[in-house]
Amino acid sequence: MSFIMGRRALGAGAVAALALPGLARAQTATQMAIATGTTGGVYYPLGGALANYLSRDIPGMSATVEVTGGSVANLQLLGANRVGMVISQVDAAVDAVRGNDRFRGRPVPVRALAVLYTNRMQVVTVASTGITKMSDLKGKRISTGAPGSATEVMALRLIEAAGLHRDNDFRARERLSPAESTNAIKDGKLDAYFFVSGYPTSAITDLGASPGVQLVLIDHHEFIPAIVEKYGPVYFPEEIPAGAYPGQTRPNKQMSVANIVGVREDMSADMATRILNVMWSHRTDWAQVHSAARDFTLEVQKSAAAGVPWHPAAETFWKAQGATLA
């Protein structure tokens, strides 16, 4: 079985083919491109580690990672059959399956292989801006996340619930990656930014560790009921504990959403099962790559958390491991 590779992966595959003694050997390899996210987030290191595990443990597999804007872009690539696997937020995956919002008229046949960990909405600023609550963002320079990211989708929903207008209520609204946003705040060109990820994430850690900077994470849990009422029960309240980032002096009461590993519904049962065996057997190693992977447990394998239908092989796999999936 062969998966169509993304642009970045395709170049690497072509070079590898030229280096092999025979082209036939390259043609029989299984190519797997995994769409992840920006380099300042959590998807990218987890996806890179997963690619290594798959390449090492599945005979003939050559897995690579794609740097993307995030969940929306990942699912669009999956819908176009340009990648074989994605990491995605559940809210974006639900939109993709239903053909809503960015996927209007182009539903994506994504199926869940596994529920990973919780993604936390983090509204990031520094004390010098004077921003302490969502309403203080009015008239400020903000970033709502990279184009094609689930951060942007979730940020705009939060802005709406907070009674702010995405286009009219800000001095400027940029669409930057977390690393770009951190640099813009350091340079005095941005006041706050939104980023959805596990924690800690490197871009926010970098900002908090910067000399002369006092990191501030804005609470926004009170807006969750309004968002759930309009967009469905994919969001829930959680806290990022004090001290998760340098200079973070109090817990951050925020909105969360689950992440999944997704594939197309037409992936073979054999391949889906092989991938799951590798993921599950390396769960301890994965948690060494990033602490967010500690939450990849049997207990989180729930249909409600997955949001989208399970791949049939995943349903069989998790039930065999003892998950109830209910």
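Our structure's up above, just so we're on the same page.
Residues numbered from 1 in each chain as written. Predicted model: local features only at pLDDT ≥ 70, side-chain atom pairs only at ≥ 80, totals over all residues. Heavy atoms only, no water.

(A) Structural context of the overall build of the chain. In terms of regular secondary structure, the chain is built from 13 helices and 10 strands. Taking 326 residues into account, the globule formula puts the C-alpha radius of gyration at 20 Å, and the chain, at 20 Å, falls close to it. When its C-alpha atoms are laid out on the principal axes, the chain stretches across 60 × 45 × 40 Å. Per-residue burial over the chain gives 54% buried out of 326 residues. Taking as baseline every contact in the chain between residues at least 6 positions apart, the subset at least 24 positions apart corresponds to 74%. (Helix = DSSP H or I, 4+ residues; strand = E, 2+ residues; numbered from the N terminus. Rg over C-alpha atoms; globule rule 2.2 N^0.38 Å. Buried < 20%, exposed > 50% of the residue type's maximum accessible area, 1.4 Å probe, protein only. Contact = heavy atoms within 4.5 Å.)

(B) Summary view of the packing of aromatic side chains. The full count for this structure, using the stated rule, is five aromatic pairs. Look at W286 and F296: their rings are 5.6 Å apart centre to centre, the planes differ by 80°, and that puts the pair in the edge-to-face class. Within this pair, whereas W286 is found in helix α11 (residues 283-289), its partner F296 is found in the loop between α11 and α12 (303-306), the two being separated by 10 residues in sequence. W286 gets classed as buried once you look at its relative accessible area, which sits at 1%. Residue classification places F296 among the buried positions, given a relative accessible area of 3%. Ring-pair connections join several aromatic residues into one group, and the members of that group are W280, W286, F296, F317 and W318. Directly above the ring of Y231 sits R157, whose terminal nitrogen or CZ lies 4.0 Å from the centroid. Directly above the aromatic system of W280 lies the positively charged group of R283, at a separation of 3.9 Å from the ring centroid. (Phe/Tyr/Trp six-rings, centres within 6.5 Å; stacked < 30°, edge-to-face > 60°. Lys NZ or Arg CZ within 6 Å of the ring centre and 35° of its normal.)

(C) Here's a closer look at helix α4 (residues 71-79). In terms of residue burial, α4 counts as a mostly covered element, since seven of its nine residues are buried. Within α4, burial applies to S71, V72, A73, N74, L75, L77 and L78.

(D) Main features of unusual backbone geometry. Between Y199 and P200 the backbone carries a cis peptide bond, its omega angle lying at -5°. You can see P200 is positioned in the loop between β7 (192-197) and α8 (202-208). The residue N81 is not glycine, and still its phi comes out positive at about 65°. Positionally, N81 belongs in the loop between α4 and β3 (85-89).

(E) Focus on the packing of α4 against helix α5 (residues 90-98). At a minimum axis distance of 9 Å, the contact between α4 and α5 shows a crossing angle of 35°. Every pair of crossing elements has a handedness; the one defined by α4 and α5 is right-handed. Listed contacts from α5 to S71, V72 and L75 of α4 are A92, A93 and A96. Taken together, the residues that form the contact of α4 with α5 break down as five nonpolar, one polar and no charged. (Axes fitted to C-alpha atoms, helices over the stretch in contact; angles between N-to-C directions. Left-handed = near helix turned anticlockwise from the far one by under 90°. Nonpolar A, V, L, I, M, F, W, Y, C, P; charged D, E, K, R; others polar.)

(F) Looking closely at the side chain of S71. Along the polypeptide, S71 turns up in helix α4. Classification of S71 by relative accessible area gives buried; the value is 2%.

(G) Spotlight on the nonpolar core. L54, L137, F194, I275, W286 and W318 are the most contacted members of the largest nonpolar core, which totals 91 residues. In terms of residue count, strand β4 (residues 110-126) provides more of this core than any other element does, nine residues in total. Aside from chain neighbours lying at most four places away, what touches L54 is I34, M61, A63, M85, I275 and V278. Counting residues in each nonpolar core, the second largest holds 15 residues, with Y193, F195, I204 and Y245 among its members. (Core = buried A, V, L, I, M, F, W, Y, C linked by side-chain atoms within 4.5 Å.)

(H) Broad picture of helix α6 (residues 150-161). Taking 1.5 Å as the rise per residue, α6 with 12 residues should run 16 Å; its terminal C-alpha atoms sit 17 Å apart, in good agreement. Burial of α6 is extensive: 10 of the 12 residues sit out of reach of the surface. Looking only at α6, the buried set comprises A150, T151, E152, V153, M154, A155, L156, R157, L158 and I159. (Expected span 1.5 Å × (residues − 1).)

(I) Summary view of the environment of R175. Its location among the elements puts R175 in the loop between β6 (172-174) and α7 (178-186). The class of R175 is partly exposed, set by a relative accessible area of 40%. Separated by 28 residues in sequence, R175 and P147 place their C-alpha atoms 6.1 Å apart. Setting aside residues up to four positions removed in sequence, R175 forms contacts with R102, S143, G145, A146, P147 and E152.

(J) A look at the pairing of strand β10 (residues 252-264). Within β10, 12 of the 13 residues are buried, leaving the element largely enclosed by the surrounding structure. As judged from the four bridges shared by β3 and β10, these two strands associate in the antiparallel manner. Within β10, the residue paired with S88 across the bridge is I260. Pairing of strand β9 (residues 236-240) with β10, which is carried by five bridges, proceeds in the antiparallel orientation. When the sheet's bridge partners are listed, E239 is paired in β10 with K253. (Pairing = 2+ DSSP bridges.)

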